[in-house]
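So you can see what is in the structure, the chains are spelled out below.
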Amino acid sequence: MGKTYERIDGRLRDFIEAQPLFFTATAPLTADGTVNLSPKGLKGSFAVLDERTVAYLDFAGSHSETVAHLRENGRITLMWCAFQGPPNIVRVHGRGEPVFRDDPRFADLLARFPDIDPAAHGLRAIIVVTAEHIRDSCGYAVPYMAYESDRELHAKRFAREDDTSLSAYFAKKEHIATSMDGLPGVPLPLPPLDLS
């Protein structure tokens, strides 16, 4: 039987932080817009900021649908599944915001992710989510699957880029600055990534 939680703490927080993979779901306001569902991984790229706030690093990718939807309406759902151990699914329904590199909050937020090199992955933004509803469910139908390791391909690909070449790469991509539905996505060119 599912349960609703007031905060992300204790066993719930431990479960979320232990998962190597989670999913994000967003949608635009228009009824015929594209619903987006994305897997997120890379150890160290997710953080629980407080009992009702989580964040993850938004790295280089082929599209910017999540960022565009959040800029338009802020709605987001995050979901974690137990692929090992006792069955469990946790969803955080809330309001999200992309915090871009030139935002005054960016450096302090980035410090919450000490275990990952953001420069190696083409960091575009930090997605901050404030939970409105926190729920779990049984997960009885979720299969057992074993986590082996993170893939190295993303870092190998984007570690070759500096801020200028990364901006040029994004400018050539069809759905980075503008989403598939024509919404504003990642602002280009990217401001410098200050890691000092």
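See above for the structure.
Residues numbered from 1 in each chain as written. Predicted model: local features only at pLDDT ≥ 70, side-chain atom pairs only at ≥ 80, totals over all residues. Heavy atoms only, no water.

**Details of the overall build of the protein**
Part 1 of the argument: The helix and strand tally for the protein stands at five helices and eight strands.
Part 2 of the argument: Helices (α) and strands (β) of the protein occur, in sequence order from the N terminus, as β-α-β-β-β-β-α-β-β-α-β-α-α.
Part 3 of the argument: If one aligns the C-alpha atoms of the protein with their principal axes, the spans along those axes are about 50 × 40 × 30 Å.
Part 4 of the argument: Counting every position in the protein, which comprises 196 residues, the buried fraction comes to 44%. (Helix = DSSP H or I, 4+ residues; strand = E, 2+ residues; numbered from the N terminus. Buried < 20%, exposed > 50% of the residue type's maximum accessible area, 1.4 Å probe, protein only.)

**Some words on the packing of aromatic side chains**
Part 1 of the argument: For the structure shown, the criterion picks out six aromatic pairs.
Part 2 of the argument: Taken together, a centroid distance of 5.7 Å and an interplanar angle of 55° make the contact between Y169 and F170 tilted.
Part 3 of the argument: The class for Y169 is partly exposed, based on a relative accessible area of 21%.
Part 4 of the argument: An aromatic cluster of three or more residues is present, and its members are F22, F46, Y56 and W80.
Part 5 of the argument: Between R124 and the ring centre of F170, over which it is positioned, the NZ or CZ distance is 5.7 Å.
Part 6 of the argument: Sitting over the ring of F158, R157 keeps its end group 4.7 Å from the ring centre. (Phe/Tyr/Trp six-rings, centres within 6.5 Å; stacked < 30°, edge-to-face > 60°. Lys NZ or Arg CZ within 6 Å of the ring centre and 35° of its normal.)

**What to know about the side chain of Q19**
Part 1 of the argument: Within the fold, Q19 resides in the loop between α1 (10–18) and β2 (22–26).
Part 2 of the argument: Judged by its relative accessible area of 18%, Q19 falls in the buried class.
Part 3 of the argument: A polar contact is formed between the side chain of Q19 and the backbone oxygen of F15, at a distance of 3.0 Å. (Polar contact = N/O pair within 3.5 Å; in protein donor to acceptor, adjacent residues only side chain to side chain.)

**Quick notes on the nonpolar core**
Part 1 of the argument: One finds I16, F46, L78 and W80 to be the most contacted residues of the largest nonpolar core, which totals 30 residues.
Part 2 of the argument: Those elements giving two or more residues to this core turn out to be α1, β4 (46–50), β5 (53–58), α2 (65–72), β6 (75–81), β7 (89–100), β8 (125–137) and α5 (163–172).
Part 3 of the argument: Looking at this core, the element that brings in the most residues is β8, giving five residues.
Part 4 of the argument: Among the nonpolar cores identified, the runner-up in size contains 16 residues, and A47, V99, I126 and L193 belong to it. (Core = buried A, V, L, I, M, F, W, Y, C linked by side-chain atoms within 4.5 Å.)

**Quick notes on unusual backbone geometry**
Of all residues except glycine, most have a negative phi; of all peptide bonds, most are trans.
Part 1 of the argument: Note the cis peptide between L188 and P189, where omega equals -5°.
Part 2 of the argument: Secondary-structure assignment places P189 in the segment after α5.
Part 3 of the argument: Its identity is not glycine, yet L42 carries a phi of approximately 70°, on the positive side.
Part 4 of the argument: Assignment of secondary structure puts L42 in the loop between β3 (36–40) and β4.

**As for the state of the cysteines**
Part 1 of the argument: Counted by the stated rule, this structure contains zero disulfides.
Part 2 of the argument: You can see C81 has no disulfide; the closest cysteine sulfur is in C138, sitting 11 Å from it.
Part 3 of the argument: Since its relative accessible area comes to 7%, C81 is described here as buried.
Part 4 of the argument: The exposure class of C138 is partly exposed, given its relative accessible area of 34%. (Disulfide = S-S within 2.5 Å.)

**A few points about the environment of F100**
Part 1 of the argument: Take F100: it is sitting in strand β7.
Part 2 of the argument: Taking relative accessible area as the criterion, F100 reaches 14% and is therefore assigned buried.
Part 3 of the argument: Taking C-alpha positions, F100 is 8.3 Å from V186, a pair spaced 86 residues apart along the chain.
Part 4 of the argument: Those residues within four positions of F100 in sequence are excluded, and the remaining contacts are V67, R71, F106, R124, A125, G185, V186 and P187. (Contact = heavy atoms within 4.5 Å.)

Read these as layout, nothing more, since geometry by itself doesn't imply function.
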